[in-house]
Amino acid sequence: MAEAGDFLREDRQKFQSCCQRLLNYRYQDEETSKTNLHLILDELNSVEYITNIINDHTASQLYRRLPNLAPLHDERLIVKICQVILNLRTKQQILLDASSLPGVVEFLIKAVQRCPSWCLVDILLALSATLYGNSNRISEFHESLIGNDGILKQLTNEEVLDEDVLSGAVFCLENLTAGLQNHDVLNEENGKTCFEIFIRMLHFVPVAKMDASIQCKILIASLRGIQNLLLTTKLVPTDYLGRLLAAIRAHMFYGLSGQPVNVPPTLYATPQIHYDLQATKGAESPAKTQSMSKDELPENPAKSSRRGKKKRGVKPEKVKPLNETEVRDRDDSLQSHSSSETSQESAFHPSWIKISSSESEYSDTEGGRVAKLRSCCAKVRQSAFGCLHTIVRNVDKRIIFGYWSAFIPDSAGPGNTPQLQTLFTAILKDPSPKCRMGASAALTALIDGTKPFLAAAEDNHDVRTAFVPFSVILGSMIKELHRCLLLALIAENFPLTLTQLIKCLSTLVSNVPYHRLQPGLLGRIVKQIRHFLNHKDPNVRVACLTCIGSIVDIHPPLLEVCHIIQPAHPPLGVKMHHVEDTKHKPASLDNGTMVPVDSGFNSLTNLSLAESVQATDISSCQPAGEKQTGASTSQFVGGQGNSERVTTGPAASQLAGHSASEKPADQSTAERLPASGSHPVGQNQSSHSSTSSTPALAVSPGTQTPVFSDQTLQRHAKEISWVLKMCTKNIMQQPADSQRTAGFEPIPVRLESLQVVANLTKGYFPVIRNSLALLQELIQVCLEDKDPIIKLHGTKVLDELSQVLRNDIQKPEVAGPDAVSLEKVLEFWLCQLNGPLPGILQTVTYNPVRANACDCIANIGSEVFSCLPMDKRILCLTLVLGLTSDDDKLVKSASIRTVGVYVLYPCLREDVSFVADAANSVIMTMADSSINVRMKAAWSMANLCDALILNKESGDAEFVADFSDMLLLKLLTTSTQSAQDSDKVKSNAVRAVGNLLRYLPQRSLAKPVFVSAIEDCIKTLVKNITSGTMKVRWNACYAIGNMFHNTLLYLEGAPWMTNVLDALSTVVKDCKNFKVRINAALALSVPSDRVVFGSAKQFAALWNSLIVALSSSENITDFAEFRYQDNLTEQICMALLNMLLLVRVDDLSDLLMVLQEQVFVLLAHMAKIRVGKSILVTESLLKKCQCYVEVLANTAECPDHHTAIRHLHDICIIKEKPLNEELGEEDEKKPLQSGFQQIYD
């Protein structure tokens, strides 16, 4: 150690002495002076820079002195100066300050321009080191570097013969693009120049005759340079995307296949091949371009093969062997891939494995050279995957999706046909684990965010047609993604790559429309994932939990997922009874015992049993307008152990809706299950199987996997789900045993387990409904944990659980007979309120936890809250109202939202004191500086105004009398001011304004201060009707409709009424958004007094506007508005019929002019409505209009009046029922709800 210290001390002294001599040196054109300079530079370059031996001040002086030491014509001195600069930058990591950087860069650029070619390599290396991370500080030199006459652009031409110079210039370009801080540093023109050079290198270098190692270095620098440009400048090379992806796709297999590196000119965003693969046959692999002589090549292929396996890092003897059952359970497509894999194996071996030579000729030096080449090739592939990942992340998904066919297979080739090289070629066959991980990451990026594009996929592979729809190609591609990823999962044992593969599966699950595909894909995923749930690497376990969380977070929820997560019987590893598929055994065996079910490993069998349930359960629980049907699934036999099993027993009987005793043993299963290998329901099966029965259900194309109903799930939710058990084990403290002490799992594992529980509770609560006690205990443990992150995720689980419990109480008809009772929910909340939850709300240590806890107690529900003891109710109200003045914005916004929820509880909205306290809290919170707080406060204020209306219209005169006019005025003023705030606040503020105008009692309207406040409110509403976002506009129209409900505001001659009617008439006929027009028409259908519509001319003008609106409803510019077209026409006709009931005799003359021009439009739309079934324009309303017209006809005074009345009578003609129409309407389908009902939250 002493000798090493002495050596370093001598080295430091030597360097400092040289620096001092160099700083004092003055160049003279004499041999002695040049010799002294040579000696000083040689000493500096001979120093071992293994430790930091120079400070920043000395380095800055040295950087400033070096460019001025020697003239540019003395090449030897210039080369040595460049070596000093390179050593200082690379070995000492000394940065160049603002005073020295320009001088050094200028010196190096001039040296490149003037020095001969033999000097360029050292100069370019120094320039490359200088440029790294400094591009944003030398923008004045960009033109000299990469301009039209730039040195780097000239040195990267194909005419440059010196490969070292070419590589040095590419290194400079790579470092020029590294570390940019903003888009303006490298302008668009220079960025395009760099892109062009890099892409040209990727196409030119593989066919150039140069050393293989230099070839690899140039390719790596080019790929990294493109990646730098995408990461730092965000310049998307859309013009070069096809050429770039073609080069990247070729270099993903660089040095891997043993075949020539064919770089096609470009890739096209279509499945067709637009280029000739034979056109680039001249390309050569790096192993061939190296031109090794025969005596240099190793002979023994066995040793080379062993080295290849070591490089991959896989030890075959440690791979978990598959038992016979698991081999049988593997999908047929996996077996077909393995058969083709054997034929392809030799073609995809690395080129260095094929090297053959005698043992004596293979020296250590040559072996090191081969290993170095192998490492360089792996780095090329790794850089290609990294570049592809960056491109996918930065380019629009719609553009990248067009290139999927170049990177993802859409089917497995039959037999021994050659496989197309895709990302899975690298994932399954690349010997480098880093390359396999890079390929998996690129695939994950390709899949991420493609849910809108994959939504059209369907599974229809049995249809043999000349034309294959794109949706079927997508479905085939999705199945191939699942198949290949599961293959890779089985073969991989490198932890980092394994983690990335499972993450890729999670991303795939989140983006695939499984409800349009045949069941079975998710079951296979879970079957493989379960093997890694106890992996020694916590990152692998976290990835597995993420994948399971993605599965239970699928929307719409699937029946297949229900079978996956249901309890496993018996514990894994127990042998099961063997049941023959073809004999269709009944639910009970001969000895009376039931065959258990392992849902995680046998989900496909369970799913096939569930198909008969769909006819009764699924169809009855679908939303209106959606038809979900199921598909038969080939029976899937498999699981743990060495025996097979199929789904029978009580769970299957309950799922199918029959008990074992309801049918004879020879009929119960045979009638309900298709035979093994059956085809999708609804297709002709006669040519495939003569014994299989025809299923009772029909399948609409593209709808395959059944969507579950609550009633179906609750029939087999009898025990705790294995998923819930696993997550609980991960979250709770682990008991001590002989191998480990008591403790918790790592934090990431616990957090991901809590996320899985939250997703499971949200989507599949009927399956785990019987585990409420376990969930309650789990939440208690999390809330009592010392780690605030665990508390935060515990409150998220509580939030999801409290929401589904509230739904069970509020919607018992949906939850069914097994819903959680009110008593159990009350007991659950008493446990929470007696536990750590109130303490969390009062503790200021971790505000996000408090905010989440506040959201949780907002989910109590009015039914449970009214049953709470008075002290608990007071506790909740005190905590929530107190938190509205908290300093933290998250807590304040969550608490004011909870106030908005509580104020609508029947037991609280009638309490004047609480409503007044809530109003004061809302008014105070609306003045907050945070827009998020104001947005939640505006929502709560609108809810509070809803509560005022409910109290008034329910006849609670005592509440109306006790509520303060001063507080009401404050609410009116605050809501009017908020309606001029941000659009996020306006949408609820205008709703509050409309509710307040509807609530205003007569005593308030008599006060002058309210009159001026009302005028301000009306002006604000009119402004929001005609401008702002669409949500604000339709809520403002709805608010005007609320105002019309208050008949005390109908003041004839009021100046603001004309403005209101003009705004509504303009919007109803001209607005492009149909929801805004629907609400405008809804507002015009509310008034019940003719005085609202003003004079006869104004009344006729409104008629004209509504009829014009009917005509313009046929002109749809945005297809998204098509679904609202019928609602719009119905609502406009409803408004016209309402106005018809208000027509007076003196209106007929002006109205006749409108009807004569537009009546045919109105009659045509009324005829359409009469043909259909409208819930707005009913037969009773038309009869009422007819009666009114007949009364009006008796008062007519002139022929024009009679003509107008005749037109009005034609409008309200009632459709005559045919003789064969049933008198009763009990069997008619319940009509859909109208589209004008608003949902504000």
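Residues numbered from 1 in each chain as written. Predicted model: local features only at pLDDT ≥ 70, side-chain atom pairs only at ≥ 80, totals over all residues. Heavy atoms only, no water.

### Some remarks on the confidence of the model for the protein
So, step 1. Averaged over every residue, the pLDDT of the protein is 76; residues scoring 70 or more account for 75%.
So, step 2. Of the regions scoring below 50 in pLDDT, residues 710–717 engages in 37 contacts with residues more than four places distant in sequence or in other chains.
So, step 3. Residue range residues 1219–1241 is modelled with pLDDT below 50. Its contacts to residues more than four positions away, or to other chains, number 26 contacts. (pLDDT = per-residue confidence, 0-100. Contact = heavy atoms within 4.5 Å.)

### What to know about the packing of aromatic side chains
One pair of aromatic rings is described through two measures. These are the centre distance and the angle between the planes.
So, step 1. Across all of its chains, the model carries nine aromatic pairs by this definition.
So, step 2. For the cation-ring pair, Arg 530 lies above Trp 722, with the distance from its terminal atom to the ring centre recorded as 4.0 Å.
So, step 3. When the ring centre of Tyr 999 is taken as reference, the NZ or CZ atom of Lys 952 above it lies at 5.9 Å. (Phe/Tyr/Trp six-rings, centres within 6.5 Å; stacked < 30°, edge-to-face > 60°. Lys NZ or Arg CZ within 6 Å of the ring centre and 35° of its normal.)

### A closer look at the pattern of salt bridges
So, step 1. Inspection of the entire model under this criterion finds 27 salt bridges.
So, step 2. With its nearest N and O atoms 4.0 Å apart, the salt bridge here joins Arg 516 to Glu 458. Taken together, the residues span a long stretch of sequence, with Arg 516 in the loop between helix H24 (495–511) and helix H25 (521–529) and Glu 458 in the loop between helix H22 (451–454) and helix H23 (470–491) at a distance of 58 residues.
So, step 3. For Asp 785, the salt bridge is made with Arg 750, and the minimal N-O distance between the two is 2.9 Å. With Asp 785 in the loop between helix H35 (772–783) and helix H36 (788–810) and Arg 750 in helix H33 (residues 747–763), this pair connects stretches of sequence that are 35 residues apart.
So, step 4. Arg 750 gets classed as buried once you look at its relative accessible area, which sits at 3%.
So, step 5. One salt-bridge network, in which partners are shared between bridges, spans Lys 889, Lys 892 and Asp 928. (Salt bridge = Lys/Arg side-chain N within 4 Å of Asp/Glu carboxyl O. Helix = DSSP H or I, 4+ residues; strand = E, 2+ residues; numbered from the N terminus. Buried < 20%, exposed > 50% of the residue type's maximum accessible area, 1.4 Å probe, protein only.)

### A word on the packing of H36 against helix H40 (residues 847–857)
So, step 1. Following both chains from N to C, one finds H36 and H40 inclined at 15°, their axes separated by 9 Å at the closest point. Taken together, the axes of H36 and H40 are roughly parallel relative to one another. For the crossing formed where H36 meets H40, the hand is left-handed. Along the contact surface, H36 presents Pro 788, Lys 791, Leu 792, Thr 795, Lys 796, Leu 798, Asp 799 and Ser 802, while H40 presents Pro 848, Val 849, Asn 852, Ala 853, Asp 855 and Cys 856.
So, step 2. Tallied by class, the residues present in the contact of H36 with H40 amount to seven nonpolar, three polar and four charged. (Axes fitted to C-alpha atoms, helices over the stretch in contact; angles between N-to-C directions. Parallel < 35°, antiparallel > 145°, perpendicular 65-115°, else oblique. Left-handed = near helix turned anticlockwise from the far one by under 90°. Nonpolar A, V, L, I, M, F, W, Y, C, P; charged D, E, K, R; others polar.)

### Some details on helix H58 (residues 1179–1193)
So, step 1. In this model H58 runs 21 Å from its N-terminal to its C-terminal C-alpha over 15 residues, within 8% of the 21 Å that 1.5 Å per residue would give.
So, step 2. Taken as a whole, H58 has its buried residues at Leu 1181, Leu 1182, Cys 1185, Gln 1186, Val 1189 and Leu 1192. Summarising the axial view, the buried residues of H58 lie within an arc of 140°, below the 170-degree limit, and thus occupy one face. Exposed residues on H58 whose side chains face more than 90 degrees from its buried face are Ser 1180, Lys 1184 and Val 1191.
So, step 3. Tucked inside the fold, the buried residues of H58 contact helix H56 (1125–1140), helix H57 (1148–1171) and helix H59 (1199–1211). (Expected span 1.5 Å × (residues − 1). Arc of directions from axis to C-beta.)

### Regarding unusual backbone geometry
So, step 1. Across the junction of His 555 and Pro 556, the peptide omega takes the value 0°, indicating a cis bond.
So, step 2. Mapping Pro 556 onto the fold places it in the loop between helix H26 (538–551) and helix H27 (559–565).
So, step 3. The phi dihedral of Gln 93 is positive, around 55°, even though this residue is not glycine.
So, step 4. Tracing the sequence through the fold places Gln 93 in the loop between helix H4 (75–90) and helix H5 (101–114).
So, step 5. Judged by relative accessible area, which is 56%, Gln 93 ranks as exposed.

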